[in-house]
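# Fold and geometry: a report
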Amino acid sequence: MNRTTTRVIGWDLGGVHVKAALVEDGRVVEAVQAPCRLWRGVPALDETFAQLPDWVRDEAHHAVTMTGELTDCFADRADGVHQLSAWAEATLTGAVRIYAGRAGFVPAEAARAHAVDIASANWHATAALIGRHAPHALLVDIGSTTADLIPIVQGVPAAQGYSDAERLETGELVYTGVVRTPLLAFADHAPWRGRRTRLMAETFASTADIYRLTGDLPEGADQQYSADLKGKSLPETETRLARMVGRDREEGSTGEWRALAAWFAEAQLRPLHDAAAVLLSRPDLPGDAPLVVCGAGRFLAERLAARLGRRAVPLTEIIAERLRAEDAAWVSTCGPAVAVGLIA
């Protein structure tokens, strides 16, 4: 059998990460994520592409989804969709199809005409894959930057919104993640030594800092620069967190900084809980519908499920027969790339 007829590479072209998943004979063989400075322009994709494993340059059928079209190097989303699709067509070896969500797959040359369906539709791919295995569920994919909460009803994605703007309104997109989100995005105060202190209105620290201190951050998940462009040791992380409450690191103990990090983690969970509670109250979702969890922030999604009294089912468990156990962590992080690779 011709190897290229059973070889698919799924792609998720994001504004700060590129994710790829190699699928052979219907099984996920490898998955990888690499940082991408797309805000500098499309040539940044070439820089990232060169850093990826050799298999991404082999001939295959390529299935591409994206979120990078909203990056400010593009005039608008339609322009971003067009340029990213053109890059994929020109760079990848083999047939290239672009995932247009509710419109299915389209050829790269038709991307601009389907820009509304293609733009940031990676959540739809993951939900569509889950729907093949779970008739009712709430997908909770928490990544480095955003969280997608997508109801799945009778085996199909049942989001009330589709675009980013619509899903922000419906609570199906919560713009918070476990690496890049500034702490000031979800809190304006914090507890410190018996007082409720206001925060410094600066991006001194991000969520990667709090989860590094709590010990939750998965290895390799933080591929971005720190807020102060310095290192990621625990002392350096404590320094950034201390600045949020107007302090120097030496003014607190390790235990106090970790307690403060845990408080921020709880503060980030609250809006996710509120959004999920609204979605789970829908009459078309049964009371025992599980949360299917994935992403770099899967640990936070599992915490959310426990808080809601719902069962958490990892995406990797749902598709376990189609992957190797040793690759499960990266498969979870690269969920949309895996999804388009499997459903292509």
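Quick summary incoming for the structure in this document. Residue positions are given per chain, counting from 1 as you read along its sequence in written order. Given that the model is predicted, a residue must reach a pLDDT of at least 70 before its local features are reported, and side-chain atom pairs must reach 80 or more before they are shown or counted; all residues, however, enter totals for whole chains, interfaces and linings. With hydrogens and water excluded, all non-hydrogen atoms of the structure serve as input to the side-chain values.

Further remarks concern the sheet that holds strand β2 (residues 17-24). In spatial order, the strands read β3-β2-β1-β4-β5-β6; together these six strands make up an open sheet with mixed pairing. Of all the strands in the sheet, the pair left with one neighbour each is β3 (27-35) and β6 (105-107). Recorded for the sheet is a direction-independent mean angle of 25° between the axes of neighbouring strands. Two strands make a pair as long as DSSP finds a minimum of two bridges between them. Numbered from the N terminus, helices here are DSSP runs of H or I no shorter than four residues, and strands are runs of E no shorter than two. Bridge analysis of β2 against β3 gives eight bridges, and the strand direction is antiparallel. Paired with H17 across the bridge in β3 is P35. Working rule for contacts: check all heavy atoms of both residues, and any pair within 4.5 Å makes them a contact. Working convention: axes come from line fits to C-alpha atoms, limited for helices to the stretch in contact. Angles between N-to-C directions cover 0 to 180 degrees. Against the sheet, helix α2 (residues 77-91) engages β1 (7-13), β4 (61-66) and β5 (96-99), with an angle of about 160° to β4. Contacting β1, β4 and β5, helix α4 (residues 122-131) runs over the sheet at an angle of about 90° to β5.

Quick look at the side chain of T65 now. With respect to the secondary-structure elements, T65 resides in strand β4. Distance and chemistry together define a polar contact, namely a pair of N or O atoms within 3.5 Å, with one atom able to donate a hydrogen and the other to accept it when in protein, and with adjacent residues in sequence counting only for side-chain atoms on both sides. Within the structure, T65 has its side chain in polar contact with the backbone nitrogen of N122 (distance 3.3 Å). In this view, T65 contacts W11, D12, L13, Y99, A121, N122, P336 and V340; residues no more than four positions away in its chain are not counted.

On to helix α9 (residues 298-308). Every buried residue of α9 is accounted for by F299, L300, A301, L304, A305 and L308. Buried residues along α9 sit in contact with β7 (137-142), α6 (207-214), α8 (254-280), β13 (291-294) and β14 (312-314). Following α9 by one or two positions, G309 has its phi on the positive side, about 70°. Note on exposure labels: buried denotes an accessible area under 20% of the residue type's maximum, exposed denotes more than 50%, and partly exposed covers the range between, all computed with a 1.4 Å probe on protein chains only.

Okay, the nonpolar core next. Counting 51 residues, the largest nonpolar core has V140, L149, F264 and L291 as its most contacted members. For this core, the secondary-structure elements that each account for two or more residues are β7, β8 (147-153), β11 (189-192), α6, α7 (234-244), α8, β13 and α9. By residue number, the principal contributor to this core is α8, which donates 13 residues. Among residues more than four places away in sequence, those in contact with L291 are L138, V140, L280, A301, L304, A305, L308, R310, R311, A312 and V313. In plain words, nonpolar cores are sets of buried Ala, Val, Leu, Ile, Met, Phe, Trp, Tyr and Cys residues tied together by side-chain atoms within 4.5 Å.

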